[in-house]
Amino acid sequence: MEHCDHLKPAAWKGEISAHGCNPHTAWSSGCARAESVLRSYHVPVHYTDIFSHSDIDMLRPFGGGVYPGISTDPDPSVGVISETVSDSHAPVEDDGDEDFEDENDIEVNVNMDDILDEPPASPELEGQAGDDWIEHDGHKFHKSSLLRIIFGLYFVPKSKERLERVRAYTMEPSKVEADEPLVGVSLFVLGDLFTALVRTGQTVALAVFQSTSITHKGRKVTSVSAAELVLEGSDINISGQVLHLVTPSTASTTFLELSPYNSPPSHSHTLFWTGDFNAL
Amino acid sequence: MVINDVIINCVILEQYLILLPNQTGDSITKLLNPADPQDVPRAIELIRAVGDLQSLDKSAFNPSQLKTIEALQIIGTLFHAMTEPFVNAELSLLEQMTYLSEFAHLSLVLYRLNGTSYMSNQLYGDSQVMVKNAFFYLAKQILLDPSQGVFLTLSGDDRLENLFGRVRMQGAHNCSVDLKTLMDRLAAAMDLCVSTHHGIRDTVD
């Protein structure tokens, strides 16, 4: 049995002949399934509305002719290849393909123009042009290494597109500490609520958060002891999302938002969470 | 990752995966911290474990946990629809294509709502192109010969890797090629595929 990433056709047991599958049926029943799944998780969705715009499809989710993830710049790796190909093919005799020949000429001309636009280099530099090394103050430096250092991450000899397509794993797995005894210790656990003062511009407000990550001495942990949390010297960072809270209004059914401009009425100390999170 | 306004990170995932009946602390640590980041079977196992979260009993959770678990279950459904067509050998072609369509539709809405917090532009583009190509493959096969099968498992790059291996093998220590040599070696590689009864599609062992 092959691993699931190398399944062979012979291992497939289901019925897969092409006439057994109508693409339209599959497409629309998949759409219906997605719609019912999202509805059941309270995400409002109307695919007919979305696709009623003529310039919106799966590859252009926002319309306007924009394809996310598809770069309009020429692929740098292809650029490098075409240059070397045009160089190495120069001495080869005419193969009779007129179109290809013309295309190549245009490319070469563009390159020539670019070169001519540059200011003339100093004689020493020109002398070193064919060399992989450059001399400075008696030391030799490797040219392409220099370029890589100067341009840092952005200098990639091969196509950078490829790597960008892989969402990065952290190379170093996060060190998971052995589970401490949970009995008898009051813990602050990930997902617990906490309050903190929040300042936006000149306004200060009290906000209720749900914690989304706890960092203890530079390590991500799932819980910290509540006793340690209050100590000033403990190196604990907690980040979270702001809960969207509303006060129940006795007079009307409209909800008052808890915000600096709209303080809750003093007669009620009950707050309701709408189930949403606020962005500041 | 942000789904439905809820931040989902590694630690949060760990907290909820452990509630699954078939997971233990050790198994989750292994899934989330693979020794080899390109361990594909393990990555699929993780994706399927997230898919299992769909079946979690929600009755004992408080409201903020419910919000998180719902976001996780949406991701679970999404991942399930994405991987099932390629790993569940019991599925019929219609079921496979329906899953892919479900994935594309879910992904579209999540991307429209959450943008790159949900998925990087590149990953979104690539995954949608994957679905599109699968449907093009089906449509092409219907036009060519509807009685033949459509093998979605063949749309990966295994075949390309094999071909590359055979071309490279012929060169031995002299593995660089010019165009003419490449053409000859490609032709020979195709002959090799057929004559070793592996078939180009590797149908027979």
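Computed from a predicted model, the values in this text were never measured in an experiment. (Residues numbered from 1 in each chain as written. Chains lettered and ligands numbered in written order. Predicted model: local features only at pLDDT ≥ 70, side-chain atom pairs only at ≥ 80, totals over all residues.)

**Side note on the overall build of chain B**
No. 1: Helix and strand counts for chain B stand at eight helices and two strands.
No. 2: When each of the 205 residues of chain B is scored for burial, the buried share is 34%.
No. 3: At a minimum sequence separation of 6, the contacts of chain B that also span at least 24 residues come to 50%. (Helix = DSSP H or I, 4+ residues; strand = E, 2+ residues; numbered from the N terminus. Buried ≥ 20, exposed ≤ 12 C-beta atoms within 10 Å, placed from the backbone. Contact = placed C-beta atoms within 7 Å.)

**Focus on the confidence of the model for chain A**
Residues and elements named next belong to chain A.
No. 1: This prediction gives chain A a mean pLDDT of 69; 58% of its residues lie at or above 70.
No. 2: Ranking the elements of chain A by mean pLDDT puts strand S9 (residues 256-257) last, at 42, and helix H1 (residues 23-40) first, at 92.
No. 3: Counting interchain partners and residues more than four positions distant, the pLDDT-below-50 stretch residues 155-160 has seven contacts.
No. 4: Within the model, the stretch residues 251-266 combines pLDDT values under 50 with 19 contacts to residues more than four positions away or in other chains. (pLDDT = per-residue confidence, 0-100.)

**A closer look at the interface of chain B and chain A**
Buried accessible area, meaning the area lost when the parts come together, often serves as the stated size of an interface.
No. 1: With 71 residues of chain B at the interface, the matching set in chain A holds 63 residues.
No. 2: With 15 residues, helix H5 (residues 93-114) of chain B is the single largest residue contributor to the side of chain B that touches chain A.
No. 3: For the side of chain B that touches chain A, the per-class residue count stands at 33 nonpolar, 26 polar and twelve charged. (Nonpolar A, V, L, I, M, F, W, Y, C, P; charged D, E, K, R; others polar.)

**Some points on the nonpolar core**
No. 1: Among the nonpolar cores identified, the biggest contains 53 residues, and B:Ile3, B:Ile8, B:Ile75, B:Leu78, B:Phe103 and B:Leu106 are the most heavily contacted of them.
No. 2: The element that contributes the greatest number of residues to this core is H5(B), accounting for eleven residues.
No. 3: Excluding anything up to four places from it in sequence, B:Leu106 contacts A:Ala34, A:Val37, A:Leu38, B:Thr77, B:Leu78 and B:Ala81. (Core = buried A, V, L, I, M, F, W, Y, C linked by C-beta atoms within 7 Å.)

**Looking at the pairing of strand S1 (residues 133-136) of chain A**
All names here are of chain A.
No. 1: In the sheet, S1 pairs with strand S2 (residues 139-142) via four bridges, with the strands oriented antiparallel. Paired with histidine 136 across the bridge in S2 is histidine 139.
No. 2: Hairpin connection from S1 to S2: two residues lie between these consecutive antiparallel strands, with aspartate 137 at a positive phi of about 50°. (Pairing = 2+ DSSP bridges.)

**Focus on helix H6 (residues 121-144) of chain B**
Since there are 3.6 residues in each turn of an α-helix, residues three or four apart along the chain are aligned in direction.
No. 1: Between its first and last C-alpha atoms H6(B) spans 34 Å; for 24 residues at 1.5 Å apiece the expected length is 34 Å, and the two agree.
No. 2: Along H6(B), the positions that sit buried rather than exposed are B:Gln122, B:Tyr124, B:Gly125, B:Ser127, B:Gln128, B:Val131, B:Ala134, B:Leu138 and B:Gln141. (Expected span 1.5 Å × (residues − 1).)

**Structural notes on the packing of helix H4 (residues 63-87) of chain B against H5(B)**
Residue and element names in this part refer to chain B.
No. 1: Axis separation between H4 and H5 bottoms out at 8 Å; the angle between their running directions is 145°. Crossing handedness for the pair H4 and H5: left-handed. Of the residues in H5, those in contact with Thr77, Leu78, Ala81, Met82, Glu84 and Pro85 of H4 are Gln96, Tyr99, Leu100, Glu102, Phe103, Leu106 and Ser107. (Axes fitted to C-alpha atoms, helices over the stretch in contact; angles between N-to-C directions. Left-handed = near helix turned anticlockwise from the far one by under 90°.)

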